Amino acid sequence: MRLSTMAILLVLAGCSSSPNEQQAARITAVAFEGAQVDTKTARIAHGERLTHVLGCRGCHGQGLQGQRFYELYASNLTRDVPNYSDIQLDRLIRHGERIDHRDLWGMPSPVFQHLSEADFAALTAYLRSLRPGGGPDQARLPWEPDAAALIAKGELKPAAQSVLDVRSKEPRDLGPGYALGRYITMTTCAECHGPELKGHEGETPDLIVAGGYTRPEFDRLITQGIPSGGRKIRAMMSGVALERFSHLTRPERDALYAYLKERAERK
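Described in the following lines is the structure provided in the data block. (Residues numbered from 1 in each chain as written. Predicted model: local features only at pLDDT ≥ 70, side-chain atom pairs only at ≥ 80, totals over all residues. Heavy atoms only, no water.)

Core analysis: the largest hydrophobic core is formed by 46 residues, its most contacted members being F32, L54, L127, F218, L256 and L260. Those elements that provide at least two residues to this core are α3 (40–53), α6 (86–95), α7 (109–112), α8 (117–129), α11 (179–193), α12 (215–224), α13 (235–243) and α14 (250–265). Examining the composition of this core, we find that five residues originate from one element, α11, more than from any other. If near-sequence neighbours (up to four positions away) are discounted, F32 is found in contact with H46, R49, L50, V53, L54, D119, Y183, I184, T187, T188, L248 and E252. Counting eight residues, the second largest nonpolar core, distinct from the first, contains C59, F69, A74 and A147. (Core = buried A, V, L, I, M, F, W, Y, C linked by side-chain atoms within 4.5 Å. Buried < 20%, exposed > 50% of the residue type's maximum accessible area, 1.4 Å probe, protein only. Helix = DSSP H or I, 4+ residues; strand = E, 2+ residues; numbered from the N terminus. Contact = heavy atoms within 4.5 Å.)

Listed below in structure tokens is the structure:
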């Protein structure tokens, strides 16, 4: 589960191309390890791993059969996905747009919009392989006062609006050698640390802090949730490490560390 209301909040195309074409060119350039496969079985297996890395199971439950968190209810994907065409599923996940045009809350589409075509195809293949199970979706509960206040101030927005708000904001591009690490931050870390990885005051730090970790210390942090040197981290990060980042491959963890370390050194 994404553990707080704040968590709910939160290569180049030619210069003559449209913003959508530029994004399409960008997201096809890099993918998680194992995305470029040529069999249905391998593609489904890659998609299954991504449901862990991307946190799908944290909201939708370990069986992806839906569960409530706070006022929201993460839908039963085993029953809902068959009702969507591939295009509609893309609009839902990467753009935050429901087929019934109602507001979608809590979906991390602002980060999912950066998923490569290969990764998204694998995720879709896995979701379509699931056998229906569990019960029907439940309605959203009335907003609690704190959430209602955030909505009134414009700090908590539907997924589709959040996608548009951060579309032009990305982590610093450090060149092709750091592309995979940057891609991983865009599709995972940015959910809590912001689209530019600068953090949210009082909630999450600028990921420049990763520059203070050695490679072994970093590995222990993101796979076990154990910080180094007596540092303190929020329970959310510990949960993300165990439930999500532990599913990253060694090359992915290497790439993530290399990018964050270089980003910190260039500050």
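Here the narrative resumes.
Moving on: the packing of aromatic side chains. Under the counting rule described, the total for this entry stands at three aromatic pairs. Where F218 meets Y257, the ring centres are 5.1 Å apart and the plane angle is 45°; that geometry is what we call tilted. Separated by 39 residues along the polypeptide, F218 in helix α12 and Y257 in helix α14 bring together distant segments of the chain. In terms of burial, F218 and Y257 fall into one category: buried. Directly above the aromatic system of F120 lies the positively charged group of R94, at a separation of 4.3 Å from the ring centroid. (Phe/Tyr/Trp six-rings, centres within 6.5 Å; stacked < 30°, edge-to-face > 60°. Lys NZ or Arg CZ within 6 Å of the ring centre and 35° of its normal.)

At a closest axis distance of 7 Å, the pairing of α3 and α8 adopts a crossing angle of 95°. Our classification of the angle between α3 and α8 gives roughly perpendicular. Residues R43, I44, H46, G47, E48, L50 and T51 of α3 form the contact with α8, whose own contacting residues are D119, A121, A122, L123, A125, Y126 and S129. Here the residues of the contact of α3 with α8 sort into seven nonpolar, four polar and three charged. (Axes fitted to C-alpha atoms, helices over the stretch in contact; angles between N-to-C directions. Parallel < 35°, antiparallel > 145°, perpendicular 65-115°, else oblique. Nonpolar A, V, L, I, M, F, W, Y, C, P; charged D, E, K, R; others polar.)

The next subject is the pattern of salt bridges. Tallied over the full model, the rule gives 20 salt bridges. A salt bridge links R128 to D86; the shortest N-O distance between them is 2.8 Å. Note that R128 is positioned in helix α8 and D86 in helix α6, a separation of 42 residues in sequence. Residue R128 is classed as partly exposed on the basis of its relative accessible area of 35%. (Salt bridge = Lys/Arg side-chain N within 4 Å of Asp/Glu carboxyl O.)

Scanning the entire structure with this criterion turns up zero disulfides. Of all cysteine sulfurs, the one in C56 lies closest to C59, which takes part in no disulfide; the gap is 8.6 Å. Take C59: its relative accessible area is 4%, and that puts it in the buried class. Lacking any disulfide linkage, C192 is separated from the closest cysteine sulfur, that of C189, by 9.1 Å. (Disulfide = S-S within 2.5 Å.)

What follows covers the side chain of T185. Residue position: T185 is located in helix α11. Of the residues examined, T185 reaches a relative accessible area of 0% and is grouped as buried. Excluding its chain neighbours within four sequence positions, the residues that come into contact with T185 are P171, A190, L197, L256, Y259 and L260.

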